[in-house]
Amino acid sequence: MIVGFWIAVTGLELVLFLAIHLGGVGMALLDPMGFEHVSTSLHQQAWLPWLEGALLAAGLGHPLLSLQRARANAQARGPAGGPLRSRRQGPWEPLEALAARLIPWSGSLLLLFLAVHLAQLRWHRPPAGAELAAVLAVLRAPWCLALYVVAGAAAGLHLLHGAESAVRRLGLLEPDNALALRLGGRGLALLLGAGFTLLPLALVLRPALPLLAGQ
Ligand code: HEM
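Since the model is a prediction, treat every value here as computed from it, not as a measurement.

Peer 1: An account of the site of the ligand is needed here, citing residue identities and associated values.
Peer 2: Near the ligand lie 21 residues; those nearest to it are His 21, His 43, Glu 52, His 117 and Glu 131. One of the side-chain nitrogen or oxygen atoms of Glu 52 is found 2.5 Å away from an oxygen atom of the ligand. Between the ligand and the protein, one listed contact pairs an oxygen atom with a side-chain N or O atom of Arg 125 at 3.4 Å. Examining the composition of the shell around the ligand, we find that 6 residues originate from one element, helix 5 (residues 103-121), more than from any other. Looking at the shell around the ligand residue by residue, the class counts come to 14 nonpolar, 3 polar and 4 charged.

Peer 1: Quick one: what's the story with the packing of aromatic side chains, residue by residue and with numbers?
Peer 2: One pass over the full model with this rule turns up 2 aromatic pairs. Ring centres of Phe 5 and Trp 6 lie 5.2 Å apart, and the angle between their planes is 85°; on these two criteria the pair is classed as edge-to-face. A relative accessible area of 35% places Phe 5 in the partly exposed class. With a centroid separation of 4.9 Å and an interplanar angle of 85°, the aromatic rings of Phe 113 and Tyr 148 are classed as edge-to-face.

Peer 1: Pulling in residues and values, what's your account of the side chain of Glu 96?
Peer 2: The residue Glu 96 is located in helix 4 (residues 93-101) in this model. Here Arg 186 takes part through its side chain, which lies 2.8 Å from a polar atom of the side chain of Glu 96.

Peer 1: How would you explain empty space enclosed by the protein if you had to name every residue and give the values?
Peer 2: All told, the structure shown has 1 cavity of 30 Å³ or more when counted by the stated rule. When its volume is computed, the largest cavity comes out at roughly 40 Å³. Forming the boundary of the largest cavity are Glu 96, Leu 159, Leu 160, Ala 163, Glu 164, Leu 181, Arg 182, Gly 185 and Arg 186. Counting only elements with at least two residues in the lining of the largest cavity, the list comes to helix 7 (142-169) and helix 8 (178-205). Along the lines of polarity and charge, the residues of the lining of the largest cavity split into 4 nonpolar, 1 polar and 4 charged.

Peer 1: Describe the environment of Leu 22, with residues and values.
Peer 2: Inspection of the secondary structure puts Leu 22 in helix 1 (residues 2-30). Overall, Leu 22 belongs to the buried group, its relative accessible area being 15%. Considering only alpha carbons, one finds Leu 22 and Gly 195, 173 residues apart in sequence, at a separation of 7.0 Å. Residue contacts for Leu 22: discarding those within four places in its chain leaves Leu 191, Leu 192, Gly 195, Phe 196 and Leu 199.

Peer 1: Which residues make up helix 8, and what are the values?
Peer 2: The end-to-end C-alpha distance of helix 8, which contains 28 residues, comes to 40 Å, matching closely the 40 Å that a straight helix rising 1.5 Å per residue would cover. Taken as a whole, helix 8 carries its principal kink of about 30° at Leu 199; the proline Pro 200 stands between one and four residues after it. Residues Ala 178, Gly 185, Arg 186, Ala 189, Leu 192, Gly 193, Gly 195, Phe 196, Thr 197, Leu 199, Pro 200 and Leu 203 constitute the buried set of helix 8. For helix 8, the elements touching its buried residues are helix 1, helix 4, helix 6 (131-139) and helix 7.

Peer 1: Just give me the short version of the nonpolar core, but keep the residues and values in it.
Peer 2: Ranked by internal contacts, the top residues of the largest apolar core, which has 30 residues, are Leu 121, Leu 132, Leu 139, Tyr 148, Leu 159 and Leu 203. Residue assignment for this core shows that the elements contributing at least two residues are helix 1, helix 5, helix 6, helix 7 and helix 8. With 10 residues, the single largest contributor to this core is helix 7. Residues within four places of Leu 139 in sequence aside, it is in contact with Leu 145, Tyr 148, Pro 200, Leu 203 and Val 204.

Peer 1: Can you break down the coordination of the iron atom of the ligand residue by residue, with the values?
Peer 2: Protein coordination at the iron atom of the ligand comes from His 21 (NE2) and His 117 (NE2), with a distance range of 2.0 to 2.1 Å. One way to put it: the 6 donor atoms around the iron atom of the ligand meet at angles of 87 to 180°, and that makes the site octahedral. Placement of His 21 in helix 1 and of His 117 in helix 5 is noted, with a sequence separation of 96 residues between them. Judged by its relative accessible area of 14%, His 117 is buried.

Peer 1: Outline the packing of helix 4 against helix 5, listing residues and values.
Peer 2: The description of two helices packed together rests on the angle between their axes and the distance between the axes. Running from N to C, helix 4 and helix 5 cross one another at 60°; their axes reach a closest spacing of 4 Å. Considered as vectors, helix 4 and helix 5 are oriented oblique to each other. Side by side, helix 4 and helix 5 meet where Ala 99, Ala 100 and Arg 101 of the first sit next to Ile 103, Pro 104 and Trp 105 of the second. Its residues assigned to classes, the contact of helix 4 with helix 5 comprises 5 nonpolar, no polar and 1 charged.

What counts and what doesn't
Residues numbered from 1 in each chain as written. Predicted model: local features only at pLDDT ≥ 70, side-chain atom pairs only at ≥ 80, totals over all residues. Heavy atoms only, no water. Near = heavy atom within 4 Å. Polar contact = N/O pair within 3.5 Å; in protein donor to acceptor, adjacent residues only side chain to side chain. Helix = DSSP H or I, 4+ residues; strand = E, 2+ residues; numbered from the N terminus. Nonpolar A, V, L, I, M, F, W, Y, C, P; charged D, E, K, R; others polar. Phe/Tyr/Trp six-rings, centres within 6.5 Å; stacked < 30°, edge-to-face > 60°. Buried < 20%, exposed > 50% of the residue type's maximum accessible area, 1.4 Å probe, protein only. 1 Å grid on protein atoms, 1.4 Å probe; cavity = no way out; pocket = protein on both sides within 12 Å on 5 of 7 lines; lining within 4 Å. Points joined across faces, edges and corners; volume = space filled by probe spheres on them. Contact = heavy atoms within 4.5 Å. Expected span 1.5 Å × (residues − 1). Bend = angle between axes of the 7 residues up to and from the residue. Core = buried A, V, L, I, M, F, W, Y, C linked by side-chain atoms within 4.5 Å. Donors = N, O, S within 2.8 Å, 3.2 Å for Na, K, Ca; no water. Tetrahedral: all angles 85-135°; square planar, octahedral: opposite > 155°, others 65-115°. Axes fitted to C-alpha atoms, helices over the stretch in contact; angles between N-to-C directions. Parallel < 35°, antiparallel > 145°, perpendicular 65-115°, else oblique.

Everything listed here is a matter of geometry and, on its own, says nothing about what the molecule does.
Listed below in structure tokens is the structure:
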């Protein structure tokens, strides 16, 4: 019970970070000067290490607690238990069932992506004013671009199951708010999943966009 609570809290903390992060990196596409300005001023803030510490705790705590709960659930169900099946019906059900089945895989892929991503863009810091150049240098390697695109899709899929699961764990899902919370969770999964899947492609194609549009 308490494990499920902390899985939900750390998961929601990570979702909040992802929403802010998408807004921040989206500026690289829409307002490159603003993006450089925000990146430089972010690294001058005294509170940044505290925020990063909280993020690290959530980023490590979430998968470790999820692993612990998956083991406990598997033991409780026993070998004849079989996989859990959704009782809900509707057009989203097959995708949600897939997202639920793939949750350990999408989570593992995101962890692998994070190790690569942080080594590339966080631990090696570019000089002030060269953040976008560093991002583009990473994305120009085809394997990196592929990893970013797949990680974006994995984030969307992970959230499709995770968002509803988190509000349910926190006891927030009631019959009169279930539809709104479900639609909100799906909308968020779609927004963040599509955003992080398409943004790396848009950043790489950005210099060619006026040419493609015939300008
Ligand atoms: C289009 C895709 C993405 C781009 C261009 C991007 C870009 C960046 C950049 C430039 C930084 C360094 C920020 C700084 O230190 O000022 C960063 C940090 C980070 N990114 Fe991403 N990112 C992308 C997707 C993701 C995804 C999908 C995740 C999570 C699954 C993620 C998680 C993180 C984390 C945890 C940090 C460290 C934050 C910190 O310590 O301040 N990023 N990213």
